[in-house]
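So you can see what is in the structure, the chains are spelled out below.
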Amino acid sequence: MNDSTSALAPPVADGLDLLTQPFPGASPYDTYVHASVLNTLQHPLTEAPDEMGFLVTTQVMELWFTLIVHEWRTAGTAFAKDDLDAAMDALVRSRRALTALNAAWAPIAALTPSQFNGFRAAFGRASGFQSAMYRHMEFLLGDKSPGMLRLHRGDGPVHEALGETYRGPSLYDEVLRFLHRRGLPVPEHVRERDVTGPYTSDPGVVEAWRQVYAGPQHHPLLALGELLTDIAELVTRWRSDHVMVVRRAMGTKSGSAGSAGLAWLERRAARPVFPELWEVRGGL
């Protein structure tokens with residue numbers, strides 16, 4: 001150590017002593033991330049020690065929903081422009097976000113009935129199925145329901161935004177139209193279907209995917225099929241984990257908003273995502 005330095009000297013970055021120069025207002029970090037806003041959004045209604053974890057977990061999931069919806073919309077727009085590279089990039093980002101979403105269950109995955117009951121009454125009639133952003137996700141997957149749209153009619157901006165997603169093509173609709181433009185035999189009645197209805201499996205689409213999977217194993221369209229399968233699997237795992245969390249915390253009790261609770265979630269979890277991508281494997 002020479003005379004001009006000291007072991008106790010504060011760190012210096014680019015000539016600016018970060019420990020002694022106060023920010024003139026909010027930190028640049030907070031100005032960009034708005035952490036001070038995020039950190040004011042947790043308002044437990046009970047003294048139960050597990051309620052804070054439940055609130056934070058739910059809010060974090062809402063943020064992941066928002067990112068996934070953003071990426072799926074980006075991918076859908078790219079498919080409509082025949083830009084496979086941009087679409088694949090967005091889908092890869094959404095796969096990472098889905099992986100993080102699934103991991104977000106950890107803080108509340110092992111709640112006992114007693115722990116959950118410590119704050120459950122504070123929900124009132126609130127329930128996760130009322131999440132508008134999750135409904136955007138399901139609509140983008142082709143799981144359309146006018147009843148789910150009507151639930152939000154009392155909140156004008158939310159209902160209008162959700163209605164746009166409901167009336168527009170799903171991500172999978174855009175994928176199938178793209179495959180048709182690439183020369184694959186996606187039936188016209190699928191391409192021209194009423195996109196406000198729930199998507200159901202079609203044997204013609206199975207055949208289109210069969211041609212993809214029977215072809216070169218390093219073809220870009222096969223890579224697309226596998227990426228969509230990854231996404232479908234992650235969505236299904238999230239739904240299944242939701243079932244397990246509820247089963248562990250409350251068994252077969254009715255849901256907080258009057259739904260059938262576990263039975264309703266089990267039916268939702270059983271719905272296939274991109275069904276032909278699973279069906280085609282049995283015929284290869």
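Above: the structure in question.
In this report, the structure presented in the accompanying data block is examined. What you are looking at is a predicted structure, and each value in this text was computed from that prediction instead of being measured. (Residues numbered from 1 in each chain as written. Predicted model: local features only at pLDDT ≥ 70, side-chain atom pairs only at ≥ 80, totals over all residues. Heavy atoms only, no water.)

**Some words on the environment of His34**
For clarity, the threshold we go by: Runs of E in the DSSP output that reach at least two residues are strands. Runs of H or I that reach at least four are helices, and both are numbered from the N terminus. Throughout, exposure labels follow a simple rule: accessible area from a 1.4 Å probe, protein chains only, divided by the maximum for the residue type, with under 20% read as buried, over 50% as exposed, and the rest as partly exposed.
As for its placement among the helices and strands, His34 is situated in the loop between α1 (28-33) and α2 (35-38). On the basis of relative accessibility, which here comes to 44%, the residue His34 falls in the partly exposed class. For the pair His34 and Gly282, spaced 248 residues apart in the sequence, the C-alpha separation amounts to 49 Å.

**Observations regarding the packing of aromatic side chains**
Quick reminder of the rule: Any two of the Phe, Tyr and Trp rings considered here, Trp counted by its six-membered ring, make a pair once their centres fall within 6.5 Å; the pair's planes then place it as stacked at under 30 degrees, edge-to-face at over 60, or tilted in between.
Inspection of every chain in the model, using the stated rule, returns 16 aromatic pairs. Ring geometry for Phe116 and Phe119: centres 5.6 Å apart, planes at 90 degrees, overall edge-to-face. Within this pair, Phe116 and its partner Phe119 are both found in helix α5 (residues 113-120), separated by three residues, close to a single helical turn. Side by side, Phe116 and Phe119 carry an identical accessibility label, which is buried. For the pair Phe139 and Tyr166, a centre-to-centre distance of 5.5 Å together with 55 degrees between the ring planes defines the contact as tilted.

**A few points about the packing of helix α11 (residues 203-214) against helix α12 (residues 220-250)**
Note the cut-off: Orientation is described by axes fitted as lines to C-alpha atoms, over the contacting stretch for helices, and by angles from 0 to 180 degrees between their N-to-C directions. By the definition used in this description, the sense in which the near helix is turned from the far one sets the handedness, with an anticlockwise turn below a right angle giving left-handed and a clockwise turn giving right-handed. Residues count as neighbours in contact if any of their non-hydrogen atoms are within 4.5 Å of one another. Three classes are used: nonpolar for Ala, Val, Leu, Ile, Met, Phe, Trp, Tyr, Cys and Pro, charged for Asp, Glu, Lys and Arg, and polar for all others, with Gly counted as polar.
At a minimum axis distance of 8 Å, the contact between α11 and α12 shows a crossing angle of 115 degrees. The two elements α11 and α12 cross, and the hand of that crossing is left-handed. Each of Trp209, Val212 and Tyr213 in α11 lies in contact with α12, whose residues at this interface are Leu221, Leu222, Gly225, Glu226, Leu228 and Thr229. Class assignment of the residues belonging to the contact of α11 with α12 gives a composition of six nonpolar, two polar and one charged.

**Description of helix α6 (residues 132-140)**
Counting buried residues along α6, eight of its nine residues qualify, which places the element largely inside the surrounding structure. Here α6 has its buried residues at Ala132, Tyr134, Arg135, His136, Met137, Glu138, Phe139 and Leu140.

**Quick notes on empty space enclosed by the protein**
Taking a probe equal in size to a water molecule and rolling it over the atoms shows the remaining empty space. Worth spelling out the cut-off: Only protein atoms enter the calculation, which uses a 1 Å grid: trapped sets of points that fit a 1.4 Å probe without letting it out are cavities, open sets showing protein on both sides within 12 Å along at least five of seven lines are pockets, and any residue with an atom within 4 Å of a point is a lining residue. Grid points are joined across faces, edges and corners, and a volume is the space filled by probe spheres set on the points.
Under the counting rule described, the total for this entry stands at one cavity of 30 Å³ or more. The computed volume of the largest cavity comes to approximately 40 Å³. Lining the largest cavity are Leu98, Leu101, Tyr134, Met137, Glu138, Leu141, Val235, Trp238 and Arg239. At the level of elements, α4 (84-103), α6 and α12 are the ones that each hand at least two residues to the lining of the largest cavity. Class assignment of the residues belonging to the lining of the largest cavity gives a composition of seven nonpolar, no polar and two charged.

**Describing unusual backbone geometry**
One non-glycine residue, Asp82, adopts positive backbone phi at about 60 degrees. Mapped onto the elements of the fold, Asp82 is located in the loop between α3 (51-80) and α4. Residue Asp82 is classed as partly exposed on the basis of its relative accessible area, which comes to 39%. Positioned with a positive phi, Phe274 is a non-glycine residue whose angle comes to about 55 degrees. Its place among the elements puts Phe274 in the loop between α13 (262-269) and α14 (275-279).

**Side note on α4**
Let me state the cut-off plainly: To estimate how far a helix should reach, multiply one less than its number of residues by 1.5 Å.
Spanning 20 residues, α4 covers 29 Å between terminal C-alpha atoms, matching the ideal 28 Å at 1.5 Å per step. The complete set of buried residues in α4 reads Leu84, Ala87, Met88, Ala90, Leu91, Ser94, Ala97, Leu98, Leu101 and Asn102. Looking at the buried side of α4, the elements it contacts are α3, α6, α9 (171-181) and α12.

**With respect to the pattern of salt bridges**
Note the following rule: For this document, the term salt bridge refers to a Lys or Arg side-chain nitrogen within 4 Å of an Asp or Glu carboxyl oxygen.
Under the counting rule described, the total for this entry stands at 13 salt bridges. As a salt-bridge pair, Arg271 and Asp143 come within 2.7 Å of each other at their nearest N and O atoms. A residue pair is termed long-range when its members are at least 10 positions apart, and Arg271 in the loop between α13 and α14 and Asp143 in the loop between α6 and α7 (146-150) qualify at 128 residues. A relative accessible area of 35% means that Arg271 is categorised as partly exposed. Each of Arg135, Glu138, Asp143, Arg239, Arg268 and Arg271 takes part in a single network of salt bridges with overlapping partners.

**As for the nonpolar core**
For clarity, the cut-off: Definition used in this section: a nonpolar core is a set of buried Ala, Val, Leu, Ile, Met, Phe, Trp, Tyr and Cys residues joined via side-chain atoms within 4.5 Å.
Core analysis: the largest hydrophobic core is formed by 73 residues, its most contacted members being Trp72, Phe79, Leu91, Leu179, Trp209, Leu224 and Phe274. Per-element accounting of this core gives the leading share, 15 residues, to α12. Beyond its immediate stretch of four places on either side in the chain, Phe79 contacts Leu84, Ala87, Leu91, Leu171, Glu174, Val175, Phe178, Arg181 and Leu224.

**Topic: a nonpolar patch on the surface**
Stated precisely, the cut-off is as follows: Each patch groups residues whose relative accessible area exceeds 30% and which form no salt bridge, using 9 Å between like charges and 5 Å between nonpolar side chains of Val, Leu, Ile, Met, Phe, Trp and Tyr. Methods summary: accessible areas were calculated by the Shrake-Rupley approach with a probe of 1.4 Å, and residue burial reflects only the protein chains presented.
Taken together, the side chains of Tyr29, Tyr32, Val33, Val37, Leu38, Leu41 and Leu63 present a nonpolar region at the surface, about 740 Å² in accessible area. Only α1 and α2 provide two or more residues apiece to the nonpolar patch. For the nonpolar patch, the element with the highest residue contribution is α1, accounting for three residues. Positionally, Leu41 belongs in the loop between α2 and α3.

**What to know about the layout of surface pockets**
Counted as a void, the largest pocket has a volume near 1000 Å³. Looking at the largest pocket, it is lined by 42 residues, and the ones nearest its centre are Phe54, Ser127, Gly128, Phe129 and His242. Where the lining of the largest pocket is concerned, the elements lending two or more residues are α3, α5, α6, α12 and α13. With eight residues, α3 is the single largest residue contributor to the lining of the largest pocket.

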